[in-house]
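# A closer look at the structure
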Amino acid sequence: MTMNDDIKELLEQNLHIAKENNHLLRAMRRAAVYGFVGKILFWIIILGIPTYLYISFISPIFFGSASQRDAAWQNLINTTHLSSQTVQHVITNVSTYSSVIKK
């Protein structure tokens, strides 16, 4: 074999390895894209199904209509609303209890 034949053989091996490497890199990229799309679909399903079931079945059981739902939210807001006197009483008691604890 001459020097030219050796170089030609090395170049052919190099070309074969480069093609094989390119094939593997494309497969890895394709797998990464499919994995990303799969994760997105997975979380859409995981979060979407319970939300759909709640909106379709559970919410109408507890709140028959929009007006009932609005009334329920208003009742919740009214029952948890604290007057300014109540807040002032809590602040006074907390400061009193903290001074007792420090002693």
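Residues numbered from 1 in each chain as written. Predicted model: local features only at pLDDT ≥ 70, side-chain atom pairs only at ≥ 80, totals over all residues. Heavy atoms only, no water.

## Description of the overall build of the chain
Definition in use: Strands are runs of DSSP state E lasting at least 2 residues, helices are runs of H or I lasting at least 4, and numbering of each runs from the N terminus. Burial here depends on accessible area, computed with a 1.4 Å probe over protein chains only, as a share of the maximum for the residue type. Under 20% is buried, over 50% is exposed, and the range in between is partly exposed. Calculation of accessible area relied on Shrake-Rupley with a 1.4 Å probe; when residues are assessed, cover is drawn exclusively from the protein chains displayed.
Of regular secondary structure, the chain possesses 3 helices and 0 strands. Secondary structure elements in the chain, listed N-terminal to C-terminal, are α-α-α. Burial analysis of the chain (103 residues in total) assigns 1% to the buried set. Working note: accessible area of the chain is about 9700 Å², and carbon and sulfur atoms make up 68% of it.

## Re the confidence of the model for the chain
How we decide: Scored between 0 and 100, pLDDT is the confidence that the predictor attaches to each residue.
Chain-level pLDDT for the chain is 79 on average; 62% of the residues reach the 70-or-more range. Across the chain, element-level confidence peaks in helix H1 (residues 3-62) with a mean pLDDT of 92 and bottoms out in helix H3 (residues 84-102) with 58.

## Let's talk about a negative patch on the surface
For clarity, the threshold we go by: Patch membership requires over 30% relative accessible area and the absence of a salt bridge. Like charges are linked within 9 Å, and nonpolar side chains (Val, Leu, Ile, Met, Phe, Trp, Tyr) within 5 Å. Any Lys or Arg side-chain nitrogen found within 4 Å of a carboxyl oxygen on Asp or Glu counts as a salt bridge. Note that His is not counted, nor are the chain ends; the positive residues are Lys and Arg, and the negative ones are Asp and Glu. For charged residues, the charge sits on one atom: NZ in Lys, CZ in Arg, CG in Asp, CD in Glu.
Together, Asp5, Asp6, Glu9 and Glu12 give the surface a local cluster of negative charge. Mapped onto the fold, Glu9 is located in helix H1.

## What to know about H1
As a reminder, the rule being used: To estimate the expected span of a helix, subtract one from its residue number and multiply by 1.5 Å. The angle between axes fitted to the seven-residue stretch ending at a residue and the seven-residue stretch beginning at it gives the bend at that residue.
Along its 60 residues, H1 runs 87 Å from first to last C-alpha, staying within 8% of the 88 Å computed at 1.5 Å per residue. The axis of H1 is deflected most strongly, by about 40°, at Tyr54.

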